[in-house]
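Structural features, examined
Each chain, letter by letter, is given below.
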Amino acid sequence: MTKGPAEIDFNVFVGAETGILKGINVNNKASISKNFHNLASLEKQFEITCMNFGESQNEILLGLRNQTVKVYDVQFKSFAQSMDAKGGTGPLVGIARNDGTIVTAAESGTVVYWKCDEKTMFDPVDKEVLTMGKLKKKDSELDEDEREKHKVQMRLGKSLARMRQNYYDKNIIGVGGKEVELQVWDLSRPDTYVFRAKNVKPDMLCLRQDVWVSDLTFTSKDTVAVCSRHGQIRLYDLRTDKRRPVMELGWGEEQVANTAITSVEEQQVIVGTSAGKMGLWDFRAGQGFKGLVRKYGGCVGAVRDIATTPGNKYFCAVSLDRFLRVWKVGQGGKLATHKMYLKSRLNCALMNDNFDPEKLPVKEEEEESQTELKNEEDSDDDIEIIEDDDEEESGDVDTPKDEVDEDALWDNMIVINSKRKKGDAKLSRKKLK
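What this report covers is the structure whose coordinates are included nearby. (Residues numbered from 1 in each chain as written. Predicted model: local features only at pLDDT ≥ 70, side-chain atom pairs only at ≥ 80, totals over all residues. Heavy atoms only, no water.)

As a further point, take the overall build of the protein. A tally of helices and strands in the protein yields six helices and 28 strands. Expressed as a percentage of the 433 residues in the protein, the buried residues total 44%. Intrachain contacts of the protein at a sequence separation of at least 6 include 47% that bridge at least 24 residues. When the accessible surface of the protein is totalled, it reaches about 25500 Å², and 48% of it is carbon and sulfur. (Helix = DSSP H or I, 4+ residues; strand = E, 2+ residues; numbered from the N terminus. Buried < 20%, exposed > 50% of the residue type's maximum accessible area, 1.4 Å probe, protein only. Contact = heavy atoms within 4.5 Å. Areas by Shrake-Rupley, 256 points an atom, 1.4 Å probe, with all protein chains shown as cover.)

Here you go:
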């Protein structure tokens with residue numbers, strides 16, 4: 001069965017803590033939302049922890065807390081697939097589709113990738129641990145048992161926070177987390193990472209700076225932007241030999257934790273914090289106030305996810321206050337252009353490429369076109385044909401008999417003046433007396 005052109009009824013999709021997938025149609029006239037789950041069969045283990053589009057925007061991939069993957073078909077408005085993606089422990093923190101297969105990442109660090117019915121697993125946290133302490137030395141005198149014990153001790157406190165797929169190259173994924181620096185992997189060569197970031201230099205007190213990557217986004221094919229729980233916003237260039245960030249920005253305030261990031265252009269990103277602040281940042285020198293171009297307000301509580309598409313002038317965000325808000329990226333003010341209360345705690349958000357709140361629904365466009373055609377057909381009845389004066393003077397024009405009779409009838413009718421003067425009214429009253 002082949003699919004025809006997709007008629008997308010919703011331009012934003014969100015996932016909730018209760019496991020509900022919601023579709024929202026954001027429009028200037030009226031915004032509507034719909035639940036795609038049966039509310040009676042929801043449990044905590046079905047919480048949607050990550051979302052992503054599949055090969056196209058006709059399918060949505062859902063990663064659940066119990067490491068289950070569900071595929072929702074947008075065109076047929078039903079769930080097409082459900083599978084267990086067991087690997088590691090903890091909820092899924094990222095999901096992607098590449099070459100017909102599904103890639104998942106668990107919080108413990110295990111990334112599972114199926115290709116040609118073969119299950120490939122690799123662990124970025126293990127790669128991070130092997131570059132630390134005694135495990136870094138190949139000629140260490142540790143036995144296998146001591147090596148494993150040391151490896152377990154070094155893994156304590158390390159976990160993945162997010163996995164993202166490169167929008168410009170589907171074979172590339174990036175991961176990062178608590179005490180796990182940014183790592184970029186090529187799914188066609190999953191033996192080792194392509195790029196691993198290096199921690200920045202110690203601070204002014206010569207103390208090591210903690211690492212906690214909360215979210216990341218690919219701004220182009222070769223550049224990655226990350227935000228951390230400690231307030232940093234960093235840009236990495238995969239083409240250079242430098243493993244440290246090429247640019248670093250920050251809010252300039254203490255106790256600010258970044259929770260979400262998305263790219264607008266190659267040098268611009270939007271970042272949300274745990275306090276509900278959102279800002280547009282530019283990595284180019286001299287842009288804005290220390291890189292901060294614009295602030296966006298309205299969110300109450302932590303920003304859980306930010307969604308947009310390349311080239312779109314709108315972006316949306318979900319936060320702990322259970323609202324979905326839409327802003328304009330450029331000039332448009334601090335306040336959101338659209339706001340919708342969705343009743344559930346929201347974790348994830350996705351936006352379609354054709355998102356446009358000013359666009360009319362398909363039915364309304366058809367009705368408008370039909371009314372225009374109808375007006376064009378009726379407009380012929382209002383056309384008045386004016387004959388030439390030469391024909392009238394020559395007397396060649398023949399007037400029908402009915403028209404002559406009507407003119408005579410109208411000429412013989414008595415004209416009644418509806419306006420009555422005050423004096424006439426008094427005279428008529430006197431005559432009645």
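After that view of the structure, there is still more to cover.
We now examine a nonpolar patch on the surface. Taken together, the side chains of M204, L205 and L207 make up a nonpolar region of the molecular surface, amounting to roughly 400 Å² of accessible area. The residue L207 is located in the loop between strand 15 (195-196) and strand 16 (213-218) in this model. According to the relative accessible area criterion, L207 is partly exposed, its value standing at 48%. (Patch = residues over 30% accessible without salt bridge, like charges linked within 9 Å, V, L, I, M, F, W, Y side chains within 5 Å. Salt bridge = Lys/Arg side-chain N within 4 Å of Asp/Glu carboxyl O.)

To continue, consider the pairing of strand 7 (residues 78-84). Bridging between strand 6 (residues 68-73) and strand 7 involves six bridges; their strand directions are antiparallel. Bridge pairing links D73 to S78 in strand 7. The antiparallel pairing of strand 6 with strand 7 creates a hairpin that spans four residues between the two strands, and K77 there sits at a positive phi of about 55°. (Pairing = 2+ DSSP bridges.)

We now examine the pairing of strand 20 (residues 258-263). For strand 20, the buried fraction is high: six of the six residues fall into the buried class. Relative to strand 21 (residues 268-273), strand 20 runs antiparallel, the two sharing five bridges. Across the sheet, residue N258 finds its bridge partner in strand 21, namely T273. Once strand 20 ends, the chain turns through four residues before running back antiparallel as strand 21.

Here we come to the environment of D241. Structurally, D241 can be placed in the loop between strand 18 (232-237) and strand 19 (247-250). With a relative accessible area of 78%, D241 lands in the exposed category. Considered as a pair, D241 and F195 are 46 residues apart in the sequence and their alpha carbons are 9.6 Å apart.

On to the sheet that holds strand 23 (residues 292-296), then. Ordered by their spatial adjacency, four strands build an open sheet running 20-21-22-23, and the pairing between neighbours is antiparallel. Two strands bound the open sheet, and with one partner strand each, they are strand 20 and strand 23. Within the sheet, the average angular offset between the axes of one strand and its neighbour, ignoring direction, is 20°. (Axes fitted to C-alpha atoms, helices over the stretch in contact; angles between N-to-C directions.)

For T219, the location among the structural elements is in the loop between strand 16 and strand 17 (223-228). Using a relative accessible area of 3% as the deciding quantity, one classes T219 as buried. At a separation of 2.5 Å, a polar atom in the side chain of T219 contacts the side chain of T223. Within the structure, T219 has its side chain in polar contact with the backbone oxygen of E266 (distance 3.4 Å). Among all residues touching T219, those that are not within four sequence positions of it are Y168, V224, A225, L235, S263, E265, E266 and V269. (Polar contact = N/O pair within 3.5 Å; in protein donor to acceptor, adjacent residues only side chain to side chain.)

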